[in-house]
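Next come the chains, spelled out residue by residue.
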Amino acid sequence: MNVEQEISTLAEEIKGSQKILTALGDEMRQHLILVMIQSGECNGMRVNDIADKTRLSRPAVSHHLQILKDAGIVKMRREGTRNYYYFDADMEAFDRLIGMLNHAKDIMLQLPDRSGDD
């Protein structure tokens, strides 16, 4: 594959990673991820529990969790009337992001040095 084809493929990979990039780009969602990891709750966390630990309102936590869910970072399990949010064990979204970043790195390594340093 030539460089132009590589860049075209990379553009598609970037487009496919937009949701996870957006989700991870927000400081509050980064904080929510850390709170959930630090909690050690293997079975997931409820919105109220996350709100208590982050001092965010329940609607704000729900909003951020929905973005994380849409990005494939967290999943939701329903037990009766209770919803539990947990990390996706497959982490397909992260694998896709890592693949895109590695591909970008490979392309950049092929580009000529333009720094002006000899």
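Residues numbered from 1 in each chain as written. Predicted model: local features only at pLDDT ≥ 70, side-chain atom pairs only at ≥ 80, totals over all residues. Heavy atoms only, no water.

(A) Quick peek at the overall build of the chain. When helices and strands are counted, the chain shows six helices and two strands. Listed by position from the N terminus, the elements making up the chain come as α-α-α-α-α-β-β-α. Whereas a compact globule of 118 residues would reach a radius of gyration of roughly 13 Å, the chain reaches 18 Å, over 25% beyond that. Along the first, second and third principal axes, the C-alpha atoms of the chain reach 60 × 30 × 25 Å. (Helix = DSSP H or I, 4+ residues; strand = E, 2+ residues; numbered from the N terminus. Rg over C-alpha atoms; globule rule 2.2 N^0.38 Å.)

(B) Geometry of the environment of F94. Within the secondary structure, F94 sits in helix α6 (residues 92–110). Dropping the residues within four chain positions of it, F94 is found in contact with I20, L24 and I73. (Contact = heavy atoms within 4.5 Å.)

(C) Looking closely at the pairing of strand β1 (residues 74–79). Sheet topology places β1 next to strand β2 (residues 82–87); six bridges connect them, and they run antiparallel. Bridge pairing links V74 to F87 in β2. Linking β1 back to β2 in an antiparallel pair, the connection comprises two residues, with G80 at a positive phi of about 65 degrees. (Pairing = 2+ DSSP bridges.)

(D) Just a nonpolar patch on the surface, in detail. Residues V3, I7, M108 and L111 make up a contiguous nonpolar surface patch of roughly 350 Å² in combined accessible area. Mapped onto the fold, L111 is located in the segment after α6. According to the relative accessible area criterion, L111 is partly exposed, its value standing at 36%. (Patch = residues over 30% accessible without salt bridge, like charges linked within 9 Å, V, L, I, M, F, W, Y side chains within 5 Å. Areas by Shrake-Rupley, 256 points an atom, 1.4 Å probe, with all protein chains shown as cover. Salt bridge = Lys/Arg side-chain N within 4 Å of Asp/Glu carboxyl O. Buried < 20%, exposed > 50% of the residue type's maximum accessible area, 1.4 Å probe, protein only.)

(E) Focus on the side chain of S17. Note on placement: S17 falls in the loop between α1 (3–16) and α2 (18–25). The residues touching S17, leaving out its near neighbours within four places in the chain, are R96, L97 and M100.

(F) Seen up close, the pattern of salt bridges. Per the counting criterion, the structure on display carries two salt bridges. For E79, the salt bridge is made with R77, and the minimal N-O distance between the two is 3.0 Å. What makes R77 partly exposed here is its relative accessible area of 26%. For R96, the salt bridge is made with E92, and the minimal N-O distance between the two is 3.3 Å.

(G) Local environment of the nonpolar core. In this structure, M36, I50, L65, L68 and I73 are the most contacted members of the largest nonpolar core, which totals 22 residues. Considering each element in turn, this core owes the most residues, five residues, to α6. If we ignore the near neighbours within four places in the chain, the residues touching L65 are M36, V47, I50, V74 and Y85. (Core = buried A, V, L, I, M, F, W, Y, C linked by side-chain atoms within 4.5 Å.)

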